[in-house]
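Descriptive analysis of the structure
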Amino acid sequence: MGDLAQALANLEEKKVYQLIDQKITEGANPLDIIQECNDGMVRVGELFSEQKYFISQLIYSAEILKQVMKKLDPLLSGIQADSAGGGKIIIGTVKGDIHDIGKNIVITLLKGSGFDVIDLGVDVPTEKFVESVKESGAKVLGLSALLNFTYPVMKEVVDAINAAGLRDKVKIIIGGTPINEQVREYAGADYYAKDAVAGVNICKEIYA
Amino acid sequence: MSEETKKLFEERLGRYQAAIALEPHDRIPIATGSNYFAEVYSGNTKQETIYDPDKWLQAEIKFCQDFPEVDVLRNNRVYGPLYDALNVKTYKLPGRDLPANTQFQFMEQDYMKEDEYDDLINDPPGFMIDILLPRILGELGNRGTGRSYIAMLKAGMAQAMFGGIMRNRGIVLEQQCGMPQPMAGFFLAPFDALADAMRGMTATFLDMFRQPDKVLAACDVLVQEMAHMALSVADPLKRYPIFVPLHKAIFMSPEQFDMFYWPSFKKVMEIIIDSGYNVRAYLEGDWGKHWHHMRELPKGRVLCDIDSQGDIHQAKKDLGGFQCIAGGVQDSMLILGTTDQVREHVRELCQTVGKGGGYIVSAGCSFPYDAKPENFRAMIDAVMEYGWHDKSIKAKPKAAPPVRTPEGLNPRRVMTPWDVKKTELGQIMGDENLIKKNWEQLETMAHTFMWQWTL
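Residues numbered from 1 in each chain as written. Chains lettered and ligands numbered in written order. Predicted model: local features only at pLDDT ≥ 70, side-chain atom pairs only at ≥ 80, totals over all residues. Heavy atoms only, no water.

**Describing the overall build of chain A**
Regarding its fold elements, chain A presents nine helices and five strands. When the helices and strands of chain A are read in sequence order from the N terminus, they spell out α-α-α-α-β-α-β-α-β-α-β-α-β-α. Over its C-alpha atoms chain A spans a radius of gyration of 18 Å, differing by no more than 12% from the 17 Å that the globule rule assigns to 208 residues. Each of the 208 residues in chain A was classed as buried or not, and the buried ones make up 51%. Intrachain contacts of chain A at a sequence separation of at least 6 include 70% that bridge at least 24 residues. (Helix = DSSP H or I, 4+ residues; strand = E, 2+ residues; numbered from the N terminus. Rg over C-alpha atoms; globule rule 2.2 N^0.38 Å. Buried < 20%, exposed > 50% of the residue type's maximum accessible area, 1.4 Å probe, protein only. Contact = heavy atoms within 4.5 Å.)

Laid out in structure tokens, this is it:
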């Protein structure tokens, strides 16, 4: 792992910015810089799996990455982003629930692993999930929730995907605080992700 | 109140208090703090519960009649009209911003900015009224306008109305149904006060890395504010614990928890316990790495609600003999399971976690809205079959400990202390104490009102 990836994995914010500035001055390819940052984020995800990092550290790493992207943005205009290689993932918090912390952490980690994420936001109506699957051709649909009254809503989304004839085209992952195997079975989803890293790993499996 | 109802009330309260105190009692109490199931059981929408006190009370009376085995009912702290009067931006309410049958939801963001810590640390009440509240109470945003004055006046009146509603509700439930309350009064862990309505979670976590000293100083200042708020709205008879929902700890590493979350939280609890109250704490999420700290507090004074993500068996191992625990019944099982599954699950809980007492049956900090009524009944029936410790024990409600001011509590910081007012008045012609007492009481009430918006 490079210095930059290591600094990001260690959450050494100032050092990350210094290294970025240095690389920019030296004329490094911004896409290589992003790749190295992604390596660092993958390491952050691993540390989270090992319970050495917690949500607070994930949030901090996402913030550092955001600042890095701000620095790189001017250099990226004109360069074709290399997103074509990444598998598409649709994700959203289901109708009735407006919580997004968990969803946003998953998105940061997914992007770090090179996925092309379509974020539908919070309180997403069922039809919007269906439309998005239809339009994007994504192979993965992620449903997020914090509140336990959303069980029937998750089932409703799965049923609607079925009704639209899309069920064999997309794998559905559900995740969030109140979700467990019993809920997965009830909703008829393919997977339940017990945390953000587990969710990313399922996506990698599906696109492998 | 009839003799029979009085007896029932004392039996339930005695059982609840004894379980919390780790003292002998006859059976495992069925005593959740937030019984959302009771709220909807009788057919009210969630909007009706927070806007229509009569319907709310009728629903609860019906619940008490249909489930007489339940030992304490539920708590509620949202009164819609008060939130409307101020345009409280931190909440979305059923029937107003959300469909009438969706529960209220908390909206956090960084209302306080990263360079405003010193304002909070140096002058907490001034910070609240001048900086924070105008940002989270929409009607106060137009400072100095006639509309903003009227809004505050309406809010004060709505608060008094809500106080009356809660008092009446308590009396009716006690005298008509023999039903005690699970808790009265509330506070937040200082870190949560900062990370909920002030800075929001994301910003507070960044501050923890970028300006840790400011976060620590802010938590320290908030100890006094939270303790005063908790004590000023608690049950004067000290029958019921004071409630604290714990929000952000599960997102922190054990090291961060030990440094940023626990010390100030512990100080508030010590003040409350010194004042003769118990605490009922919702350990939200999986607290397995943090809950051992509860052993540092006096035994039997903090009822710990174990959330659905926590391991109730591990909680019993770690906290047994130190603090009473509540929980264990999986939310998803009450909502999705069958009566046979629930019965078997609760039997197992009674015979393992329930063994030796110090355990209260509940789901993860609440009974969920969408629990199937037959599953709720199956849970109760299982407790009535398997939840007995010793039928011969009749635990009596405890007498309130003598009133005293605990060591850790400083005089409350207020906008206009009596000394200032006294100077303004100059020569006082009659009995100064009569004026002072009422002045200070109103000042205290106003500050409790102000600080409640951190929740």
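**Quick word on the interface of chain A and chain B**
Taken together, the contact pairs 26 residues of chain A with 31 residues of chain B. Across the chain A to chain B interface the summed buried area is about 2300 Å²; carbon plus sulfur atoms make up 63%. It is A:F54, A:I98 and A:Q182 that lose the most area in chain A upon contact with chain B, and together they represent 23% of the buried surface on that side. Where chain A meets chain B, there are two salt bridges. A salt bridge links A:E13 to B:R210; the shortest N-O distance between them is 2.5 Å. Counting only elements with at least two residues in the side of chain A that touches chain B, the list comes to α2 (13-25), α4 (55-76) and α8 (181-187) of chain A. (Buried area = accessible area lost by both parts, 1.4 Å probe. Salt bridge = Lys/Arg side-chain N within 4 Å of Asp/Glu carboxyl O.)

**What to know about the sheet that holds strand β2 (residues 116-119) of chain A**
Residue and element names in this part refer to chain A. Within the open sheet, the five strands sit side by side as β2-β1-β3-β4-β5. Their pairing is parallel. Where the open sheet ends on each side, the last strands, each with one partner, are β2 and β5 (191-193). Averaged over all neighbouring strand pairs, the angle between strand axes comes to 25°, with direction disregarded. The pairing of strand β3 (residues 140-144) with strand β4 (residues 171-175) spans five bridges and is parallel. (Pairing = 2+ DSSP bridges. Axes fitted to C-alpha atoms, helices over the stretch in contact; angles between N-to-C directions.)

**Notes on a nonpolar patch on the surface**
Taken together, the side chains of B:I150, B:L153 and B:M157 present a nonpolar region at the surface, about 300 Å² in accessible area. Structurally, B:M157 can be placed in helix α8 (residues 146-177). (Patch = residues over 30% accessible without salt bridge, like charges linked within 9 Å, V, L, I, M, F, W, Y side chains within 5 Å. Areas by Shrake-Rupley, 256 points an atom, 1.4 Å probe, with all protein chains shown as cover.)

**Points about the pairing of strand β5 (residues 279-283) of chain B**
All names here are of chain B. Counting buried positions over the five residues of β5 gives five, a clear majority of the element. Of the two faces of β5, the one carrying V279, A281 and L283 and the one carrying R280 and Y282 are both buried. Traced from strand β4 (residues 242-246) through helix α12 (residues 254-274) to β5, the parallel crossover comes out right-handed. Pairing geometry for β5 and strand β6 (residues 302-306), over five bridges, is parallel. Pairing of A281 across the sheet is with C304, part of β6. (Right-handed = clockwise from strand over helix to strand, strands pointing away.)

**Notes on the packing of aromatic side chains**
All names here are of chain B. Under the criterion given, the structure shown has 29 aromatic pairs over all chains. Seen in terms of ring centroids, F67 and F376 are 5.0 Å apart; in terms of plane orientation they differ by 90°. Their pairing is edge-to-face. Of this pair, F67 sits in the loop between α4 (53-66) and α5 (80-86) while F376 sits in helix α16 (residues 373-386), placing them 309 residues apart in sequence. An angle of 80° between the planes, with centres 6.1 Å apart, marks the rings of Y261 and W287 as edge-to-face. (Phe/Tyr/Trp six-rings, centres within 6.5 Å; stacked < 30°, edge-to-face > 60°.)

**Quick look at the domain arrangement of chain A**
Residue and element names in this part refer to chain A. For chain A, the domain assignment lists domain 1 (3-76) and domain 2 (88-207). On a C-alpha basis, the centroid separation for the pair domain 1 and domain 2 is 26 Å. Across the boundary between the two partners, domain 1 contributes eleven residues, which contact nine residues of domain 2. For the pair domain 1 and domain 2, the summed buried surface comes to about 760 Å²; carbon and sulfur atoms form 79% of the total. When the buried area of domain 1 at its contact with domain 2 is split by residue, M41, F48 and L58 rank highest and sum to 40% of it. Counting across the interface, domain 1 meets domain 2 through zero residue pairs in polar contact (both at pLDDT 80 or more). Elements supplying a minimum of two residues to the side of domain 1 that touches domain 2: α3 (30-49) and α4. No other element matches the six residues that α3 contributes to the side of domain 1 that touches domain 2. (Domains from an automatic or database assignment. Polar contact = N/O pair within 3.5 Å; in protein donor to acceptor, adjacent residues only side chain to side chain.)

**Re a negative patch on the surface**
Residue and element names in this part refer to chain B. Taken together, the side chains of E114, D115, D119 and D123 make up a negatively charged region of the molecular surface. Take D115: it is sitting in the loop between β3 (105-106) and α6 (117-122). Residue D115 is classed as exposed on the basis of its relative accessible area, which comes to 63%. (Lys, Arg positive; Asp, Glu negative; His and termini not counted. Charge placed at Lys NZ, Arg CZ, Asp CG, Glu CD.)

**A look at the sheet that holds strand β7 (residues 325-329) of chain B**
All names here are of chain B. Spatial strand order, β4-β5-β6-β7-β8: five strands in an open sheet with parallel pairing. One side of each edge strand has no neighbouring strand; the edge strands of this open sheet are β4 and β8 (359-363). Looking at each pair of strands side by side, their axes are set apart by 25° on average, direction ignored. Each of β5, β6 and β8 touches helix α1 (residues 3-20); the most contacted strand, β8, lies at about 105° to it. Packed on one face of the sheet, α12 meets β4, β5 and β6 and runs near 170° to β4.

**Here's the deal with the packing of α4(B) against α8(B)**
Each pair of packed helices can be summarised by the angle the axes make with each other and by the distance between the axes. Residue and element names in this part refer to chain B. In contact at an axis separation of 11 Å, α4 and α8 are set at 20° when each is read in the N-to-C sense. Between α4 and α8, the angle falls in the class roughly parallel. Like other packed secondary-structure pairs, α4 and α8 cross with a definite hand, here right-handed. Within the contact between the two elements, α4 uses P53, W56, L57, E60, I61 and C64 and α8 uses F162, I165, M166, N168, R169, V172, L173, Q176 and C177. Among the residues making up the contact of α4 with α8, the classes are represented as eleven nonpolar, two polar and two charged. (Parallel < 35°, antiparallel > 145°, perpendicular 65-115°, else oblique. Left-handed = near helix turned anticlockwise from the far one by under 90°. Nonpolar A, V, L, I, M, F, W, Y, C, P; charged D, E, K, R; others polar.)

**Things to note about helix α9 (residues 190-198) of chain B**
Residue and element names in this part refer to chain B. When you tally the buried positions in α9, you get nine out of nine residues, the bulk of the element. Within α9, the full set of buried residues consists of P190, F191, D192, A193, L194, A195, D196, A197 and M198. Looking one or two places after α9, you find G200, whose phi comes out positive at around 75°.

**Topic: the nonpolar core**
The biggest cluster of nonpolar side chains holds 172 residues, and the ones touching the most others in it are B:F187 and B:M294. Here this core spans two domains, and each of domain 1 (3-76) and domain 2 (88-207) of chain A adds at least three residues to it. In terms of nonpolar packing, the next biggest core, distinct from the first, is built from 27 residues, A:V124, A:V170, A:I172 and A:I174 among them. (Core = buried A, V, L, I, M, F, W, Y, C linked by side-chain atoms within 4.5 Å.)

**Some points on the environment of A:K134**
Residues and elements named next belong to chain A. Within the secondary structure layout, K134 lies in helix α6 (residues 126-136). For K134, a relative accessible area of 56% corresponds to the exposed category. Along the backbone, K134 and I20 are 114 residues apart, and their C-alpha atoms lie at a distance of 39 Å.

**Description of the side chain of B:T102**
Relative to the helices and strands, B:T102 is located in the loop between β2 (91-92) and β3. You can call B:T102 buried: its relative accessible area is 8%.

**Focus: the UniProt feature "domain: Uroporphyrinogen decarboxylase (URO-D)" (unreviewed entry) in chain B**
Sites flagged by UniProt as "domain: Uroporphyrinogen decarboxylase (URO-D)" (unreviewed entry) map to residues 176-386 of chain B. Overall, residues 176-386 of chain B shows 50% helix and 13% strand. The separation of its end C-alpha atoms is 29 Å. (UniProt positions renumbered as here; feature names shortened; annotations may be inferred.)

**Some points on the pattern of salt bridges**
All names here are of chain B. Following the criterion strictly, the structure yields 44 salt bridges over all chains and no others. E60 is the partner of R169 in a salt bridge, and the nearest nitrogen-oxygen pair spans 2.7 Å. Of this pair, R169 sits in helix α8 while E60 sits in helix α4; the two residues are 109 residues apart in sequence, bridging distant segments of the chain. Given the relative accessible area of 0%, E60 is considered buried. In this structure, the salt-bridge partner of E385 is R343, at a minimum N-O distance of 2.8 Å. Pair noted here: E385 is in helix α16 and R343 is in helix α15 (residues 339-351), with a separation of 42 residues, a long-range link. When salt bridges that share partners are traced, they join E11, R15, D26, R27 and D71 into one network.

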